[in-house]
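# A structural walkthrough
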Amino acid sequence: MLLNIPELLSADTVRTLRESLAHARWSDGRDSAGSQARQVKNNQQLAHDDAIALQVRQAVLAAMERSTLLLTAALPKRVFTPRVNRYSGTANQYGPHVDNAIRTLAQPGPQLGQRVRTDISCTVFLSDPDRYEGGELCITDTFGEQRIKLPAGDAVIYPGTSVHQVLPVTRGERLACFFWIESLVRSDEQRRLLFDMDMALLSLRTQHGESPQTTALTSTYHNLLRLWADT
Ligand code: NI
């Protein structure tokens, strides 16, 4: 399932993060790529222990915890340390690749070294689309090819299984934060069913209030989640 999450970050938060990022010390993005991805990756990113990366990471993770839409769609179990990247100048694209299935958590603390299965990929756009040319995130999956370029603060989630790329940025600078989610529900298809059911229930409640039928359907939702979730 490919889903846009509008305004994951507020305009104020995006502005504050971009002010910090103006002073960031970027490193070669190839450092963290697997062997196939390394051949096509040409961008810059911040080190995991960079203070500005930490600031972006905290803002994004806090926003994720507040986003009912994202939580409902992703049903997160673990989140891989969000990274910040930059496409500009000669380091301006990331060719077609698929992300490694398993990543190892890098942030200091009790979770250090823990493995995360990359069920879902998430990109949070930090640059306004009119500030750069190109830089579309192209995702190829059962739904065909989608070209994504969203307003600053918006996010997109898509299956980690998808082949994807970032097209060359030919003018300006594209800043983004990206991370992976291991979901309680491994199957994209099952997550989709749960998401659709949850959204339909939300709409039913909004229109008609609580009823024995919404209670029964909520029960079915939770029983399916109980059946499919791996905690
Ligand atoms: Ni990728």
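What you see is a predicted model, and the numbers here were worked out from it, not measured in a lab.

A word on the domain arrangement of the protein chain. Each assigned domain of the protein chain is listed here: domain 1 (3–183) and domain 2 (188–228). For domain 1 and domain 2, the distance between their C-alpha centroids amounts to 30 Å. Each partner contributes to the interface: domain 1 provides 10 residues, whereas domain 2 provides 8 residues. Buried surface at the junction of domain 1 and domain 2, summed over both partners, amounts to about 650 Å²; 72% is from carbon and sulfur atoms. When residues of domain 1 are sorted by the area they lose upon contact with domain 2, Thr72, Ala73 and Leu75 head the list and together hold 58% of the total. On inspection of domain 1 and its partner domain 2, the count reaches 0 salt bridges. In this assembly, domain 1 and domain 2 are joined by 0 residue pairs in polar contact (both at pLDDT 80 or more). Tallying contributions element by element places helix 4 (residues 68–74) first for the side of domain 1 that touches domain 2, with 4 residues. Residues that form the side of domain 1 that touches domain 2 fall into these classes: 7 nonpolar, 2 polar and 1 charged.

So, about the sheet that holds strand 7 (residues 93–97). Within the open sheet, the 5 strands sit side by side as 3-7-15-12-13. Their pairing is antiparallel. At either margin of the open sheet sits one strand with a lone partner, and together these are strand 3 (41–42) and strand 13 (144–148). As defined by bridge partners, strand 7 adjoins strand 15 (residues 163–166) across 2 bridges and the pair is classed as antiparallel. Paired with His97 across the bridge in strand 15 is His164.

Thresholds applied
- Residues numbered from 1 in each chain as written.
- Predicted model: local features only at pLDDT ≥ 70, side-chain atom pairs only at ≥ 80, totals over all residues.
- Heavy atoms only, no water.
- Domains from an automatic or database assignment.
- Contact = heavy atoms within 4.5 Å.
- Buried area = accessible area lost by both parts, 1.4 Å probe.
- Salt bridge = Lys/Arg side-chain N within 4 Å of Asp/Glu carboxyl O.
- Polar contact = N/O pair within 3.5 Å; in protein donor to acceptor, adjacent residues only side chain to side chain.
- Helix = DSSP H or I, 4+ residues; strand = E, 2+ residues; numbered from the N terminus.
- Nonpolar A, V, L, I, M, F, W, Y, C, P; charged D, E, K, R; others polar.
- Pairing = 2+ DSSP bridges.

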